[in-house]
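# Tertiary structure, described
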Amino acid sequence: MSLDAFIAERQGRWGALEAAIKTAKRGRLRNQSASDIERFGLLLRQTSSDLAIARRDHPDAPITEYLNTLCARAHPLLYRGRAWRIGAIAPFFATALPRSFRAAWPYIVTSLGLTLIGFIAGWLAVDLRPDLRASLVPPSLFDEMARGQIGSGVQDAPFAAAFIIQNNIRVALICFAGGMLLGIPTAFVLLTNGWMLGTVAAAVRLGGYDFQFWSLIVPHGVLELSVIVISGGTGLMLGDAILRPGQLRRGEALARVAVRAVLLALGAATLLIIAGTLEAFVSPSSLPGGAKLAIGAGVGVLLYSWLILAGRAPRRPRGFTFDRPAETPA
Amino acid sequence: MNSSQLDTISVKTSDNVTLGYSVAGLGSRLVAQILDNLVALPITLVAILLYGALASVFVTSAEGTGFADAGAGFFAGFVYFGYFFVAEVVTGGKTPGKAAMGLRVIRVDGSAADFGALAVRNVLRIVDVGVVLIGIVIMFFQPQTRRLGDLGAGTIVVRDRAMVSLAAAVAPPPVILRTPDAGPPIDGLDHIGGVERDALRVFLSRPGLSPKLRADLATDIAGRLLDRLGLPPGAPERLWPPELFIERAYLQLDQRHQ
């Protein structure tokens, strides 16, 4: 077919596709009727096949470039992942987040391990060299505990909560994003975090303030530490995908885990809002220490029953069922 | 589009057609970033002023002031990075700066960047911008100008090429001046195809060339074509004036393809 005849015969649908692209709003066809979208798909497929013909028969003609531009613009309008909706938030927390938590367990366990190594190292450091206690643990903490001040309530608790939340979210995001740098910053943050907790815990043990200290830490710490460990796990996921891509190219291996990892990290980070609120309002409050510990334990039970149990596929009943017709060979 | 060119990527679609996208370069990416900063930084500034005003009204203790001051930096970062995230999600991968530069984020398979991909590339923006602008260094060395966030999200920033109008894409019609019809059949035209026909067409569609240039070009083209056809030295076609030969060859090729 001559170029002119080709163009004359088919330009009608190209014009129609061009017009259809212009009706898309903000890169989406969402506002259109089902039949319009079906027609869009037909026009795109027809134009794509025209592009293939033009490539073969008229590779240097301007019309080929025109058709390529047309298809390149139309293609992402039709081919796209699932759109983001407000309504997707509830199912995300109900099923997707606990599932990706469980799927990521080797990384989360590793992350927990790094935290524990830091904790033990910190504990041993204070235990072996009690004289270093002052340089490892802020002395003001002891002064406050000695004077019974700690736990006497914080003024401006909302601002304290906001500060605590943002600080933890920052740590969580560093844990995740550090994965891109082979997970080295992630491991560093986890170890330091464990170290700090370990030194403080050993120091308060030496000082005999165990109960006051833990009742101050546990109500929010259960959530906070869990979220840091989870974000650390997501960072290790990224680092592992880069270091050991397996059969894939590094970029592909990374892209394959990154979306799951970021959604897990962001989802976990939202828990920090709860943790920060507890830290500002409950932990320093005048509630009895036992009640605070109970709150922490309750939060922990809720958190882990959700993460471990939610979103499991219903278990198929064991034994004989009539699911498949009896005569079908197995 | 030639897939071997560094500044284009070829995407094979589900219709098994290869689409060519031209990849946005470092320069236009950076200009888009600067333009976005012109929007994002004032927004951040206003947000910080509001935050300060709120803090000065509600904070009562010295301790609270400390918390509020310490939180300000994070709040600023949250608003600044949030601007890019929200802008990309709302517009489907075109922040105002990118739109101004004609850029767009897509996934490497040519589909639109979805929420998950945009979340990855915007959370990792913190690394790209935060770690001594490592993103720019990586974009400089990465053949497709992708930063860490793009690599993690499987996205790429492409040029939203201006739509060439159909009228401009249609080549001007050939002008036949010397021959009333296609003339006697030329031997060996089976050997050549659409590429040669298009080349002849381009020549014929430019009657306005200076006569000297046109004659030289015609001699050159006709000579190459005669060699390609493998016509014997005594063939009558070799005696036709070059321009007449070109016109007849074109008309015959065109007829054959219709």
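To start, this report covers the structure provided alongside it. Here the structure is a predicted model, which is why all the values come from computation and not from measurement.

## Describing the interface of chain A and chain B
Put simply, an interface is often sized by how much accessible area is lost when its parts join up. Chain A puts 59 residues into the contact, and the matching count from chain B is 68 residues. Taken together, the two surfaces of chain A and chain B that pack against each other cover about 5200 Å², and 66% of this comes from carbon and sulfur. Linking chain A to chain B there are zero salt bridges. Counting across the chain A and chain B interface gives five residue pairs in polar contact (both at pLDDT 80 or more). For the side of chain A that touches chain B, the secondary structure elements donating two or more residues are helix H1 (3–23), helix H2 (34–57), helix H3 (62–78), helix H8 (157–177) and helix H11 (250–281) of chain A. Top element by residues in the side of chain A that touches chain B is H3 of chain A. It accounts for 12 residues.

## Observations regarding the environment of Gly194 of chain A
Residue and element names in this part refer to chain A. Looking at the element boundaries, Gly194 is found in helix H9 (residues 184–207). For the pair Gly194 and Leu225, spaced 31 residues apart in the sequence, the C-alpha separation amounts to 9.4 Å. With near-sequence residues (within four places) excluded, Gly194 lies in contact with Thr115, Gly118 and Phe119.

## Some remarks on the packing of aromatic side chains
All names here are of chain B. Summed over the entire model, instances satisfying the criterion amount to 11 aromatic pairs over all chains. Plain terms: the ring middles of Phe140 and Phe141 are 5.1 Å apart, the flat faces sit at 90 degrees to each other, and that makes the pair edge-to-face. Here Phe140 matches Phe141 in class, with each residue exposed. Taken together, the aromatic side chains of Tyr80, Phe81, Tyr83 and Phe84 make up a single cluster linked through ring pairs.

## A word on the nonpolar core
Membership of the largest hydrophobic core comes to 48 residues, with the highest contact counts inside it found for Phe176, Met180, Leu223, Ile230, Leu238 and Leu272 of chain A together with Leu124 of chain B. Sorting the residues of this core by element identifies helix H4 (89–103), H8, helix H10 (210–243), H11 and helix H12 (289–309) of chain A together with helix H4 (115–123) and helix H7 (148–153) of chain B as the ones contributing at least two each. By residue number, the principal contributor to this core is H11 of chain A, which donates 14 residues. Setting aside residues up to four positions removed in sequence, Leu238 of chain A forms contacts with Phe176, Gly179, Met180, Leu254, Val257, Ala258 and Ala261 of chain A. Counting 34 residues, the second-largest nonpolar core is a separate cluster that includes Leu3, Trp14 and Leu51 of chain A together with Ala169 of chain B.

## Quick look at the packing of H4 of chain A against H12 of chain A
Residue and element names in this part refer to chain A. Running from N to C, H4 and H12 cross one another at 85 degrees; their axes reach a closest spacing of 7 Å. Regarding the angle of H4 to H12, the classification is roughly perpendicular. In this structure, H4 uses Phe93, Leu97, Pro98, Phe101 and Arg102 to contact H12, whose residues at the interface are Tyr304, Trp306, Leu307, Ile308 and Leu309. The residue inventory of the contact of H4 with H12, partitioned by class, reads nine nonpolar, no polar and one charged.

Calculation notes
- Residues numbered from 1 in each chain as written.
- Chains lettered and ligands numbered in written order.
- Predicted model: local features only at pLDDT ≥ 70, side-chain atom pairs only at ≥ 80, totals over all residues.
- Heavy atoms only, no water.
- Contact = heavy atoms within 4.5 Å.
- Buried area = accessible area lost by both parts, 1.4 Å probe.
- Salt bridge = Lys/Arg side-chain N within 4 Å of Asp/Glu carboxyl O.
- Polar contact = N/O pair within 3.5 Å; in protein donor to acceptor, adjacent residues only side chain to side chain.
- Helix = DSSP H or I, 4+ residues; strand = E, 2+ residues; numbered from the N terminus.
- Phe/Tyr/Trp six-rings, centres within 6.5 Å; stacked < 30°, edge-to-face > 60°.
- Buried < 20%, exposed > 50% of the residue type's maximum accessible area, 1.4 Å probe, protein only.
- Core = buried A, V, L, I, M, F, W, Y, C linked by side-chain atoms within 4.5 Å.
- Axes fitted to C-alpha atoms, helices over the stretch in contact; angles between N-to-C directions.
- Parallel < 35°, antiparallel > 145°, perpendicular 65-115°, else oblique.
- Nonpolar A, V, L, I, M, F, W, Y, C, P; charged D, E, K, R; others polar.

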